[in-house]
Amino acid sequence: MSGIRTTQLFFACSQYAALTVTAAIRAGQFGPRDEHRRILVVSDTSPAPEVGVPLDRMAGFESLRPEFDEVRSWNAFLRPFHPVGWSPREQDTLLWERYLRTAWELGDGPVEIACESIQANPSQAAARIFGDAPVHIYADGLMSYGPTRSKIDPLIGTRIQRLLHLDLVPGLRPLLLTEFGVEPEVIPTPEFLKALGALADAAGGLDLAAEAPALLLGQYLSAIDVLTTDEERELHLRMLRGAVALGHRRVVFKPHPSAPVGWSQDLEQEAARLGAELSVLDSPVIAEVVYERLRPALVVGAFSTALLTATTFYGIPVARVGTEELLAALTPYQNSNRVPVTIVDALLPALEDTAAVTGWSLPDENGVREKLSGLVTAVGFAMQPQIYPDLRPAAEQHLTGLPAADLTRYFRRRRLTALALPGALPSQLDFIPRNATVRKFARQAVAWKRAAAKRTSRGR
């Protein structure tokens, strides 16, 4: 094996992902450059990638390019298949590996994979094709603090070497992939900010203004059926009204790239009514580039990861909007957005609470642990009890001492009852979910009800 370089395949679906993994490379977390051949594999997982701008053609990409020997397109390789919907059949994985090695001139040497969410394609497809390759997961958002959203094939999970992540919530330890004993590894913040600064300089535009604006972050939650279109439009209007109520007369709205144009028009009309100046940021840059270029006075959002990068990395004041409604709207309870919404709701101030916004500061690591660690553990267990059965004692301990308001905010009684957790019923009836006889009769009652419903439907 002496003299044979390992080929490292870095899969990235967004500019933020490419920036994150580039920072890890520059921090030395993927070994010396001369021992590896590095290929960045870009993919567009949007519903209509053919009308989008590929990652390697976005403004600022040239600042990331030097870390990679080559750039390949997963979309081009799979065409006409879509990267999200395609995965090789089990009996075809060796054929696909041979084809990829030939098409990309990988030779017969060892391969390593660094990718994002391993529960979904294209990451899972790549891990299946290269069935012997070590896998490194890098997380670029708040979902790394939550549970793995579905069971992973042990043939993949046992090959995962580590979870690389940004220290977005100092003091909080990621839960993702701990079922396989995967250890988290922090990507150094200074290296990330240095790479981000270079990206912002290369991207250009967005010159500093005399008055620092308030920045509103759109997420397009109606596209993933979390909110209706009207509810999300109202959420954006609440962001604007709240920012103006705090005294901000210059506001910048950064819409999600796929969001309807009409939402920006609604905000412009509302800004005019409120006597504020609204600018809509149409360029496809990540929020952190805006922080670098505009240095906003306030960042407002629902549960975007960018809220945490703003306050943790830049010290910019932040405020949340609509998280209580989102916690109630997320279905099923296992929705992978639940932990990000929970973190933002429990940690950041509400926009409508003026005193909280103006007086808030990020707690130290001990304060974060005290505020979030038990809560995130309990929510994570309630979301995925079969994947994390060892978390039950910690979840029970946290739920036992939780105030009623927090219990109903972050947990559903129905979910707690199904899992026999504290808080499911009034305290005097807590024994019922644990009573085997009662649970047996309950299951029988459900079965009888379903059978009766079937007989009724046949009779019709």
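Side note on the overall build of the protein
No. 1: Across its full length, the protein carries 18 helices and twelve strands.
No. 2: Long-range pairs, those at least 24 residues apart, make up 72% of the contacts in the protein with a sequence separation of at least 6.
No. 3: As displayed, the protein offers around 21,300 Å² of accessible surface, 52% of which is attributable to carbon and sulfur atoms.

Brief notes about the sheet that holds strand β1 (residues 6-12)
No. 1: Strand order in the open sheet formed by seven strands is β3-β2-β1-β4-β5-β6-β7, and the pairing between neighbours is parallel. The sheet is open, and its two borders are formed by β3 (70-73) and β7 (184-187), each paired with just one other strand. Neighbouring strand axes in the sheet, compared pairwise and without regard to direction, differ in orientation by 25° on average.
No. 2: Two strands pair when backbone bridges link them, and β1 and strand β4 (residues 111-115) are joined in this way by four bridges, in the parallel orientation. Across the sheet, residue Gln-8 finds its bridge partner in β4, namely Glu-112.

Comments concerning the pairing of β1
No. 1: Most of β1 sits out of view: seven of its seven residues are buried.
No. 2: Neither face of β1 is open: one carries Thr-6, Gln-8, Phe-10 and Ala-12, the other Thr-7, Leu-9 and Phe-11, and all of them are buried.
No. 3: One ladder, built from seven bridges, connects β1 with strand β2 (residues 36-42); its direction is parallel. By the bridge assignment, Phe-11 is partnered in β2 with Val-41.
No. 4: Regarding topology, helix α1 (residues 15-26) serves as the crossover connection from β1 to the parallel β2, and that connection is right-handed.

Some points on the pattern of salt bridges
No. 1: Taken as a whole, this structure holds 23 salt bridges when the rule is applied.
No. 2: Put simply, Glu-97 and Arg-101 hold a salt bridge, and the shortest N to O gap is 3.1 Å. In this pair, Glu-97 and Arg-101 both sit in helix α3 (residues 93-103), four residues apart, roughly one turn of the helix.
No. 3: Residue class for Arg-101 comes out buried when judged on its relative accessible area of 16%.
No. 4: In this structure, Arg-238 and Glu-325 form a salt bridge, with 3.3 Å as the shortest nitrogen-oxygen distance. Residue Arg-238 is located in helix α7 (residues 229-245), and its partner Glu-325 is located in helix α11 (residues 323-329); the two are separated by 87 residues in the primary sequence.
No. 5: Salt bridges sharing common partners tie together Glu-234, Arg-241, Glu-270 and Arg-273.

Some points on the packing of helix α9 (residues 287-294) against helix α10 (residues 305-313)
No. 1: With their axes 9 Å apart at the nearest point, α9 and α10 run at an angle of 35° to one another. Where α9 crosses over α10, the handedness of that crossing is right-handed. Note on element contacts: α10 touches α9 through Ala-306, Leu-307, Thr-309 and Ala-310, opposite Ala-287, Glu-288 and Tyr-291.
No. 2: Looking at the contact of α9 with α10 residue by residue, the classes come out as five nonpolar, one polar and one charged.

Focus: unusual backbone geometry
Leave glycine aside and you will find that most residues have negative phi; peptide bonds, for their part, are mostly trans.
No. 1: Following Asn-121, the chain continues to Pro-122 via a peptide bond in cis, the omega torsion being 10°.
No. 2: Here Pro-122 shows up in the loop between β4 and α4 (123-129).
No. 3: The omega torsion of the bond from Thr-331 to Pro-332 falls at -10°, within 30 degrees of zero and hence cis.
No. 4: Of note in the backbone geometry, Leu-177 takes a positive phi value of approximately 70° without being a glycine.
No. 5: Position of Leu-177 relative to the elements: it lies in the loop between β6 (160-166) and β7.
No. 6: Residues other than glycine seldom take positive phi values, yet Arg-295 does so here, at roughly 45°.
No. 7: Structurally, the position occupied by Arg-295 is in the loop between α9 and β11 (298-301).
No. 8: Overall, the relative accessible area of 42% leaves Arg-295 in the partly exposed class.

Overview of the environment of Gly-109
No. 1: Looking at where Gly-109 falls in the secondary structure, it is placed in the loop between α3 and β4.
No. 2: Along the primary structure Gly-109 and Thr-7 are separated by 102 residues, whereas in three dimensions their C-alpha atoms are 7.3 Å apart.
No. 3: Excluding its chain neighbours within four sequence positions, the residues that come into contact with Gly-109 are Ile-4 and Arg-101.

Some details on the packing of aromatic side chains
In this description, an aromatic ring pair is defined by two values, namely the gap between the centres and the angle between the planes.
No. 1: Inspection of the entire model under this criterion finds 13 aromatic pairs.
No. 2: Measuring from centroid to centroid gives 5.8 Å for Phe-10 and Phe-68, while their planes differ by 70°, and the two rings are edge-to-face. With Phe-10 in strand β1 and Phe-68 in the loop between β2 and β3, the pair connects residues that are 58 residues apart, well separated along the chain. Side by side, Phe-10 and Phe-68 carry an identical accessibility label, which is buried.

Quick word on the sheet that holds strand β12 (residues 318-320)
No. 1: One open sheet holds the five strands; their spatial order is β10-β9-β8-β11-β12, and the pairing between them is parallel. Edge strands, defined here as strands with exactly one partner in the open sheet, are β10 (277-280) and β12. Averaged over neighbouring strand pairs, the angle between their axes works out to 20° when direction is ignored.
No. 2: Bridge count between strand β8 (residues 214-217) and β11: three bridges; the pairing is parallel. Along β11, the bridge assignment pairs Leu-216 with Val-300.
No. 3: Taken strand by strand, α7 contacts β8, β9 (250-254) and β11, and its axis lies near 165° from that of β8.

What counts and what doesn't
Residues numbered from 1 in each chain as written. Predicted model: local features only at pLDDT ≥ 70, side-chain atom pairs only at ≥ 80, totals over all residues. Heavy atoms only, no water. Helix = DSSP H or I, 4+ residues; strand = E, 2+ residues; numbered from the N terminus. Contact = heavy atoms within 4.5 Å. Areas by Shrake-Rupley, 256 points an atom, 1.4 Å probe, with all protein chains shown as cover. Pairing = 2+ DSSP bridges. Axes fitted to C-alpha atoms, helices over the stretch in contact; angles between N-to-C directions. Buried < 20%, exposed > 50% of the residue type's maximum accessible area, 1.4 Å probe, protein only. Right-handed = clockwise from strand over helix to strand, strands pointing away. Salt bridge = Lys/Arg side-chain N within 4 Å of Asp/Glu carboxyl O. Left-handed = near helix turned anticlockwise from the far one by under 90°. Nonpolar A, V, L, I, M, F, W, Y, C, P; charged D, E, K, R; others polar. Phe/Tyr/Trp six-rings, centres within 6.5 Å; stacked < 30°, edge-to-face > 60°.

Nothing here speaks to function; it is geometry throughout.
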